[in-house]
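Breakdown of the fold
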Amino acid sequence: MNRTKKFMYNTVASAFQQIVVMATGLILPRVMLECYGSVVNGLTSSIAQFINYFTLVEAGIGASAVYALYKPLAENDHPAISSIVTAAKKFYILSGYFFTALTFILAFCIPFIRKTNVLSPLEIGILVLVLGVSGTLDFFVSSKYNVLLTADQRYYVISVSSMVATVLNAVIIVALAYFHVSVIAARTAALLSVFARVLILYLYVRKKYDYLNFEAKPDNSAMRQRWDALYLQILGLVQTGAPVILATIFINYEAASVYSIYYMVIGAINGVLSIFTSGLSASFGDVIIRGEKENLQKTYRQFEFTYYALITFVYACALVLIMPFIRIYTKGIVDADYNVPLVGYLMVLNGLLYNLKTPQGMLVVSAGLFRETKWQSTIQGAIAIVVGAALAPKFGLPGILTGLILSNLYRDVDLLLFIPAHVTQLSPKQTLKRWANSFMEFIVILIPFFFITIFAANFLQWTEWGIVTACYALVVVLIFSFIFDRTEFKNSLVRILKMIGAKK
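Note that this is a predicted model, so its numbers are computed, not measured. Throughout this document, residue positions are counted from 1 along each chain, in the order its sequence is written. Whole-chain, interface and lining totals are the exception, using all residues; otherwise, since this is a predicted model, local features are given only for residues with pLDDT of at least 70 and side-chain atom pairs are given and counted only at 80 or more. Remark: hydrogens and water are excluded; side-chain values derive from all non-hydrogen atoms of the structure.

Within the chain, the secondary structure is distributed over 19 helices and 0 strands. Here the radius of gyration uses the C-alpha set of atoms, whereas the globule reference equals 2.2 Å times the residue count to the power 0.38. A compact globule built from 504 residues would reach a C-alpha radius of gyration of about 23 Å, and the chain, at 23 Å, matches this within 12%. Here the C-alpha coordinates of the chain stretch approximately 60 × 60 × 45 Å along the principal axes. By definition in these notes, contact holds between two residues if any of their heavy atoms fall within 4.5 Å. Considering only residue pairs separated by 6 or more positions, the chain has 85% of its internal contacts joining residues 24 or more positions apart. On the chain, roughly 22100 Å² of surface is accessible, and the fraction owed to carbon and sulfur atoms is 69%. Looking at the chain, you have 39 positive and 25 negative side-chain charges, and the mean spots of the two groups are 4 Å apart. Numbering of helices and strands starts at the N terminus; helices are DSSP runs of H or I of at least 4 residues and strands are runs of E of at least 2. Where accessible areas are quoted, they stem from the Shrake-Rupley method and a 1.4 Å probe; at the residue level, only the protein chains shown are allowed to cover. When charges are counted, Lys and Arg contribute as positive and Asp and Glu as negative, whereas His and the chain ends are disregarded. To locate a charge, the coordinates of NZ of Lys, CZ of Arg, CG of Asp or CD of Glu are taken.

Structure (structure tokens):
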């Protein structure tokens, strides 16, 4: 199967996965708010983010293993593939013990971080252990399969397994919540979805990679970049997890719940955007490892153009539509104030800046440049945490978001200069020009809405406004792209049509 066909499979599977994730992502938080309240919703969000941080004990195993697998997969070297996957399995099991220990420590400590009368300390501790089971299974069972499938550009298998698990998880929680089952019992029953995902991955890998030998001598040298890859993982977790944790520590569980509802929207947007990047790191990694420089430059220019046009369109629409959506979504919820426009606007700005560096950040992973970028990643994470912690007590969620915005702005500029010098050998001026075009497009899209107030009493009216906004934004982006970046506009259009043809 060639790279284009794998990309199409990955894209289609990821698209369906994100549709499922968005649908369940809209349903579950509302159910949590209605049936359990803002405190429990904020508490579960906080626990989930703490547990996400514990996955740092993975220490970059996945990223370094994926990079190490590019070459043997390209050469169809089965013994080398088995040795690398076996090494990954060994390190994952070791990390799994640390993860489990940290989860037990959190279960004991979190009731004392911020107390609540909704759940007892024992119940909170049990909830931590239940939510930690998924991560434990990943370390001990499924992670080794994930790295192999990712490196082999078969991310669509992971998407399908995740899709099944997401639907099953949502059905179980929603059904039990409306039957007034406790949150602990509902989350425990929902673990069935985790086992289903693991089983699907196990069966596929066993059939597709029948040559895989987990008793092979582990190639530990393949994991030599794991500590450097760890820094990129820290960066991703800072972006998604730090705000909820900072809100929990410096504000309250209600603030953590408010943030989680707004981030639900941004998370859905990022999920849509990930459809267009799923498996691309592996594809570009394959091109880099083969030394196809001209192909790399050509493909990267087209991807960068397309992605910037996409995020401009998406986030301009998001800025216009986020507050009407939040007002409808949280209508009737009175135990916390969710109507905070400044939080919504800062959230969208941060999402745009976060995605601005996606093309460059993808190449860092594809080229295995973990060590070369670790200090920049550390600085970015430090800016987000230090500024957020300093501003949160006085300014609340806007202070936390300011830290994230400044950290992403720093990293955008850093990667703008780093990637051309170390990977593509292209001029950064072209990327800078595309940033300027995106900014102008953004302003032009927003201008009419300075004079138009969107009022939507329900989701049907909101959808109608969304269609109008999207059509207008699309016209603006296409006109600007045709005028200011005509060559890549045509090249990207041709590539898209070819991929559609390949799919058929």
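What follows continues from the structure just given.
A cavity here means a set of points on a 1 Å grid, drawn over the protein atoms and nothing else, where a 1.4 Å probe fits but cannot get out; a pocket is an open set with protein on both sides within 12 Å along at least five of seven lines, and a residue lines either one if it has an atom within 4 Å of a point. Grid points are joined across faces, edges and corners, and a volume is the space filled by probe spheres set on the points. Applying the stated criterion across every chain yields a total of 2 cavities of 30 Å³ or more. Reported here for the largest cavity is a volume of approximately 90 Å³. Lining of the largest cavity is provided by Phe305, Tyr308, Ala309, Thr312, Arg434, Asn437, Ser438, Glu441, Phe480, Ser481 and Asp485. Breaking the lining of the largest cavity down by element, the ones donating at least two residues are α12 (293–329), α17 (428–446) and α18 (459–484). For the lining of the largest cavity, the per-class residue count stands at 4 nonpolar, 4 polar and 3 charged. Residue type decides the class: Asp, Glu, Lys and Arg count as charged, Ala, Val, Leu, Ile, Met, Phe, Trp, Tyr, Cys and Pro as nonpolar, and the leftover types, Gly among them, as polar.

Turning next to the pattern of salt bridges. By definition here, a salt bridge exists when the distance from a side-chain nitrogen of Lys or Arg to a carboxyl oxygen of Asp or Glu is within 4 Å. As enumerated under the stated definition, the model contains 8 salt bridges in all. Across the salt bridge formed by Asp138 and Arg197, the nearest N and O atoms sit 2.9 Å from each other. Taken together, the positions of Asp138 in helix α5 (residues 121–151) and Arg197 in helix α8 (residues 191–208) put the pair 59 residues apart, joining distant regions of the chain. Burial classes follow relative accessibility: with a 1.4 Å probe on protein chains only, a residue under 20% of its type's maximum area counts as buried, one over 50% as exposed, and anything between as partly exposed. Its relative accessible area of 13% is what places Arg197 among the buried residues. For Arg434, the salt bridge goes to Asp485, with nearest N and O atoms at 2.6 Å. Pair noted here: Arg434 is in helix α17 and Asp485 is in the loop between α18 and α19 (486–503), with a separation of 51 residues, a long-range link. Residue class for Arg434 comes out buried when judged on its relative accessible area of 4%.

With that settled, the discussion passes to helix α4 (residues 78–113). Taking 1.5 Å per residue as the helical rise, α4 with its 36 residues ought to reach 52 Å, and the 49 Å between its terminal C-alpha atoms agrees with that figure. Of all the bends in α4, the greatest, near 35°, is centred on Ala107, and the proline Pro111 appears no more than four residues after it. Expected span, for any helix, means 1.5 Å times one less than how many residues it has. Bend is the name given here to the angle between axes fitted to two runs of seven residues, the run ending at a residue and the run starting at it.

Our focus in this paragraph is the packing of aromatic side chains. Two aromatic rings from Phe, Tyr or Trp, using only the six-membered ring of Trp, form a pair when their centres are within 6.5 Å; if the ring planes differ by under 30 degrees the pair is stacked, by over 60 it is edge-to-face, and anything between is tilted. The tally for this structure, following the rule as stated, stands at 15 aromatic pairs. Ring plane angle 40° and centroid distance 5.2 Å describe the contact between Phe99 and Phe139, whose orientation is recorded as tilted. Separated by 40 residues along the polypeptide, Phe99 in helix α4 and Phe139 in helix α5 bring together distant segments of the chain. Put simply, a charge is over a ring when the Lys NZ or the Arg CZ is close to the ring centre, within 6 Å, and near the line of the ring normal, within 35 degrees. In this structure, Lys144 is placed above the aromatic ring of Phe214, and the distance from its NZ or CZ to the ring centre is 5.7 Å. Over the aromatic face of Phe482 sits the side chain of Arg486, whose NZ or CZ is 4.3 Å from the ring centroid.

On to the packing of helix α10 (residues 253–274) against helix α16 (residues 397–424), then. All axes here are fitted lines through C-alpha atoms, helices being fitted over the stretch that makes contact, and every angle between N-to-C directions spans 0 to 180 degrees. α16 packs onto α10 with a crossing angle of 50° between their chain directions and a minimal axis gap of 11 Å. One finds that α10 runs oblique with respect to α16. Between α10 and α16 lies a crossing whose hand is right-handed. Of α16, the residues touching α10 (which contributes Ala255, Val258 and Tyr259) are Leu397, Leu401 and Leu404. Here is the rule for angles: anything less than 35 degrees is roughly parallel, anything more than 145 is roughly antiparallel, 65 through 115 is roughly perpendicular, and the remaining ranges are oblique. The sense of a crossing depends on the near helix, which, turned anticlockwise from the far helix by less than a right angle, makes the crossing left-handed and, turned clockwise, makes it right-handed.

A positive phi angle is found at Asn76, which is not glycine, with a value near 60°. Locating Asn76 in the fold gives a position in the loop between α3 (61–75) and α4. Phi at His180 is positive, roughly 65°, even though this residue is not glycine. Summarising the element assignment, His180 is placed in the loop between α6 (155–178) and α7 (183–189).

Scored by pLDDT, the chain has a mean of 84; 91% of the residues are at 70 or more. Mean pLDDT values over the elements of the chain span from 69, in helix α9 (residues 226–250), up to 93, in helix α13 (residues 341–356). Every residue carries a pLDDT, the predictor's confidence in it, which falls somewhere between 0 and 100.

What follows concerns the state of the cysteines. Pairs of cysteine sulfur atoms within 2.5 Å are what we label disulfides. Applying the stated criterion to the full structure yields 0 disulfides. With no disulfide partner, Cys471 has as its closest neighbouring cysteine sulfur the one in Cys317, 9.2 Å distant.

By secondary structure assignment, the location of Val164 is in helix α6. Overall, Val164 belongs to the partly exposed group, its relative accessible area being 38%. Expressed as a C-alpha distance, the spacing of Val164 and Ile184, which sit 20 residues apart in the sequence, is 22 Å.

Looking now at α5. An α-helical turn contains 3.6 residues, so a residue and the one three or four places further along point in the same direction. Helix length check: α5 (31 residues) gives 43 Å between terminal C-alpha atoms against 45 Å at 1.5 Å per residue, within 8%. Approximately 65° is the largest bend angle found in α5, and it occurs at Ser142. Two residues or fewer past α5, Gln153 is found with a positive phi of approximately 60°.

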